[in-house]
Amino acid sequence: MFKTLKCDIEAIFARDPAANNLLEVLLVYSGLHSLLLHRLSHWLYKHGLRTLPRLISQIGRFLTGIEIHPGAEIGCGFFIDHGMGVVIGETTEIGNNVTLYQGVTLGGTGKEKGKRHPTIGDNVVIGAGAKILGSIKIAKDSKIGAGSVVLKDVAENSTVVGIPGRIVSRGGKRVHPERDLEHADLPDPVADKLVQLENDFLKLKKEILTKSNYEDVV
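Keep in mind that what you see is a predicted model, and the values were worked out from it rather than measured.

A. Highlighting the pairing of strand 15 (residues 166-170). Across four bridges, strand 14 (residues 158-161) lies against strand 15 in antiparallel orientation. Directly across from Ser158, in strand 15, lies its bridge partner Arg170.

Right, dumping it as C-alpha cells:
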C-alpha cells in the first residue's frame, strides 16, 4: 500500500506544476485524500465487507466532493486534479497513470447488473466535465476532451470530443503519462463542419453569379 501511495504522490508532482512540496500535497490535495480513503475502503470491500466501506466512501465524498465507490478498481499513479464533482461507479476499472479533471463521471446507463461501468486503460487523460457511461472501454493513451459524453468504445491512442463523443484523431505520437490534456488544442469537428458549409455556400454563390452574368450577356 505504501508503494502505491508513493506512486500516487509522484504522479501529482509529475502532472501538477502547482505542487510545491510533499507537506502541501499531503495536507491540501483533495484528490489524494479521496484516493487514500478509497484504497482503504476498497481493501475492506475486497474482504467481504459492504456497509463500512460505503460509510468510508461517503465520508470521503463529504470531505472532498469526490465520490468513489469502494468496488472500483484503481491502478497506481492515479491523479484527480481539483476533483470536485468527480463520480466513479462500482464496477469501474482504471489502469495506471490515469488523470481525471473536475466534474468527470465514470458511470452506468441504467439498472443493469454486473459490469456496468467503464474500463479505462493506462495513461488516459479525461478532461473536465466529461461523462463516460456504460460498460465501455477507453483504450490506453487516449484523451477525452472537456465536456464530452462517451458512450462507445474508444481505440488506443485516440482523441475524443463532443456530445456524443466522436474520435477526431487516432495514432500519431504516444501520449506520455506526464502529459497534460491541452484543452485549447483539441480539434473542433462542429467548427470544421461549419467552415466546410461556408465554403460550399461561397462556391455555389459564385457559380450562380457566373451563370447569371453569362445569361445577361447572351
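B. A look at the sheet that holds strand 6 (residues 99-100). Read across the open sheet, the six strands follow the order 3-6-9-12-14-15; overall the sheet is mixed. Pairing within the sheet leaves two strands with one partner each, and these edge strands are strand 3 (79-80) and strand 15. Pairing geometry for strand 6 and strand 9 (residues 125-126), over two bridges, is parallel. When the bridges of strand 9 are listed, Leu100 appears paired with Ile126.

C. Broad picture of the packing of helix 3 (residues 30-46) against helix 4 (residues 51-64). The interhelical angle for the contact between helix 3 and helix 4, taken along N-to-C directions, is 175 degrees, at an axis separation of 8 Å. One finds that helix 3 runs roughly antiparallel with respect to helix 4. Across the interface between the two elements, Ser30, His33, Ser34, Leu37, Leu40, Ser41, Leu44 and Tyr45 of helix 3 pack against Leu52, Pro53, Ile56, Gly60 and Thr64 of helix 4. Counted by class, the contact of helix 3 with helix 4 contains seven nonpolar, six polar and no charged residues.

D. The packing of helix 1 (residues 2-15) against helix 3, seen in detail. Axis separation between helix 1 and helix 3 bottoms out at 11 Å; the angle between their running directions is 160 degrees. As summarised for this structure, helix 1 and helix 3 are arranged roughly antiparallel, according to the angle between their axes. The two elements helix 1 and helix 3 cross, and the hand of that crossing is right-handed. Here helix 1 contributes Thr4, Leu5, Asp8, Ile9 and Ile12 to the contact with helix 3, which in turn contributes Leu32, Leu35, Leu36 and Arg39.

E. Layout of the environment of Gly129. Mapped onto the elements of the fold, Gly129 is located in the loop between strand 9 and strand 10 (131-133). For Gly129, a relative accessible area of 26% gives the class partly exposed. Between the alpha carbons of Gly129 and Thr105 there is a distance of 7.4 Å; along the sequence they are 24 residues apart.

Thresholds applied
- Residues numbered from 1 in each chain as written.
- Predicted model: local features only at pLDDT ≥ 70, side-chain atom pairs only at ≥ 80, totals over all residues.
- Heavy atoms only, no water.
- Pairing = 2+ DSSP bridges.
- Helix = DSSP H or I, 4+ residues; strand = E, 2+ residues; numbered from the N terminus.
- Axes fitted to C-alpha atoms, helices over the stretch in contact; angles between N-to-C directions.
- Parallel < 35°, antiparallel > 145°, perpendicular 65-115°, else oblique.
- Contact = heavy atoms within 4.5 Å.
- Nonpolar A, V, L, I, M, F, W, Y, C, P; charged D, E, K, R; others polar.
- Left-handed = near helix turned anticlockwise from the far one by under 90°.
- Buried < 20%, exposed > 50% of the residue type's maximum accessible area, 1.4 Å probe, protein only.

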